[in-house]
Amino acid sequence: MISNKKEIMLAFKGLGWKTGRDSVGDSTCQYMLEDRNLHAMPVFRKLSNKIVFAVDASVSTAPFSKAESEIYGEKNNHAPIIISEYRDFAIEKPEITLEDVRTLSDNMIAWAKAQNIELGLKKYRELSTDAKGALPVRHLAALALRGDLKKLKQYQAAFEKGDRLGFVPYITLEMIERAVKIAEENYSPSESNFLNRLLGK
């Protein structure tokens, strides 16, 4: 029987996950697949009559996380492209066992493999400029990785004229300039070249 979150993390580690903590100290797990990274944040909560073991999962690629980090200006090992639905991966029962952790691990890995990475990035590219939270920088990263110089240079020109286009306050001209630089490095009229870069090949 597993009795606390520390034992959950040890169980994930034993199943081949890399465990650690994020920038705010929350426990995280990462599982590296051939062309994508699976990120998980486990929750272990004891209630009066049961234990809740749930995991928030997301999937990304190394090139996208790197682009987002470079644009934002701070290191981020995992910028999510696709995020699981609430309680997609959850177990509620009186006792949690190693087999329960193994089941959730297998389910998350299967989920990650089934996700359409390009569709997730397409949704980021199509966001409006007034998107909130972390979405604006992911929008810029998705455009940069796609090599969309036309749109990014439109943003750059507008910012230089003082028109923020509705972007949230933390998005700066310097961020857009960094996105343009990445887009210049990634620009290619070939769709196959783009897909290879997307998956880190």
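These notes cover the structure that comes with them.

Definitions and limits used
- Residues numbered from 1 in each chain as written.
- Predicted model: local features only at pLDDT ≥ 70, side-chain atom pairs only at ≥ 80, totals over all residues.
- Heavy atoms only, no water.
- Phe/Tyr/Trp six-rings, centres within 6.5 Å; stacked < 30°, edge-to-face > 60°.
- Helix = DSSP H or I, 4+ residues; strand = E, 2+ residues; numbered from the N terminus.
- Buried < 20%, exposed > 50% of the residue type's maximum accessible area, 1.4 Å probe, protein only.
- Axes fitted to C-alpha atoms, helices over the stretch in contact; angles between N-to-C directions.
- Parallel < 35°, antiparallel > 145°, perpendicular 65-115°, else oblique.
- Left-handed = near helix turned anticlockwise from the far one by under 90°.
- Contact = heavy atoms within 4.5 Å.
- Nonpolar A, V, L, I, M, F, W, Y, C, P; charged D, E, K, R; others polar.
- Expected span 1.5 Å × (residues − 1).
- Pairing = 2+ DSSP bridges.
- 1 Å grid on protein atoms, 1.4 Å probe; cavity = no way out; pocket = protein on both sides within 12 Å on 5 of 7 lines; lining within 4 Å.
- Points joined across faces, edges and corners; volume = space filled by probe spheres on them.

**Describing the packing of aromatic side chains**
For any pair of aromatic rings, geometry is given as the distance between the ring centres together with the angle between the planes.
Here is step 1: Evaluated as defined, the whole model comprises eight aromatic pairs.
Here is step 2: For the ring pair Tyr72 and Tyr170, a centre distance of 5.9 Å and an interplane angle of 85° mean the geometry is edge-to-face. Taken together, the residues Tyr72 in helix 2 (residues 62–72) and Tyr170 in the loop between helix 6 (149–160) and helix 7 (173–186) connect sequence positions 98 residues apart.
Here is step 3: Look at Tyr170 and you get partly exposed, because its relative accessible area is 29%.

**Looking at the packing of helix 6 against helix 7**
Here is step 1: Between helix 6 and helix 7, the shortest axis-to-axis distance is 9 Å and the interhelical angle comes to 155°. Looking at the two axes, helix 6 sits roughly antiparallel to helix 7. Note that helix 6 runs across helix 7; the crossing there is left-handed. Contacts between helix 6 and helix 7 involve Leu149, Leu152, Lys153, Tyr155, Gln156, Phe159 and Glu160 from the first element and Leu173, Ile176, Glu177, Ala179, Val180, Ala183 and Glu184 from the second.
Here is step 2: Taken together, the residues of the contact of helix 6 with helix 7 break down into nine nonpolar, one polar and four charged.

**Concerning helix 6**
Here is step 1: With twelve residues, helix 6 extends 16 Å from end C-alpha to end C-alpha; this agrees with the ideal 16 Å at 1.5 Å per step.
Here is step 2: Turning to helix 6, its buried residues number three or more, namely Leu149, Leu152, Tyr155, Gln156, Ala158 and Phe159.
Here is step 3: Contacts made by the buried residues of helix 6 are with helix 5 (135–146) and helix 7.

**What about the pairing of strand 3 (residues 37–46)?**
Here is step 1: Sheet topology places strand 2 (residues 27–32) next to strand 3; four bridges connect them, and they run antiparallel. Bridge pairing links Tyr31 to Leu38 in strand 3.
Here is step 2: Between the end of strand 2 and the start of strand 3, which pair antiparallel, lie four residues.
Here is step 3: In this sheet, strand 4 (residues 51–60) lies alongside strand 3 in antiparallel orientation, the contact comprising ten bridges. Along strand 4, the bridge assignment pairs Asn37 with Ser60.

**Some points on the layout of surface pockets**
Here is step 1: Of the volumes computed, that of the largest pocket is approximately 920 Å³.
Here is step 2: Residue lining of the largest pocket: 32 residues in total, with Asp22, His39, Asn76, Asn77 and His78 positioned closest to the centre.
Here is step 3: Counting only elements with at least two residues in the lining of the largest pocket, the list comes to strand 1 (18–21), strand 2, strand 3, strand 4, helix 2 and helix 5.
Here is step 4: Counting residues per element, the lining of the largest pocket draws most heavily on helix 2, which supplies six residues.
Here is step 5: Taken together, the residues that form the lining of the largest pocket break down as ten nonpolar, 13 polar and nine charged.
Here is step 6: In this structure, the second largest pocket spans a volume of roughly 200 Å³.
Here is step 7: For the lining of the second largest pocket, the secondary structure elements donating two or more residues are strand 5 (82–83) and helix 4 (117–125).

Geometry only, nothing functional implied.
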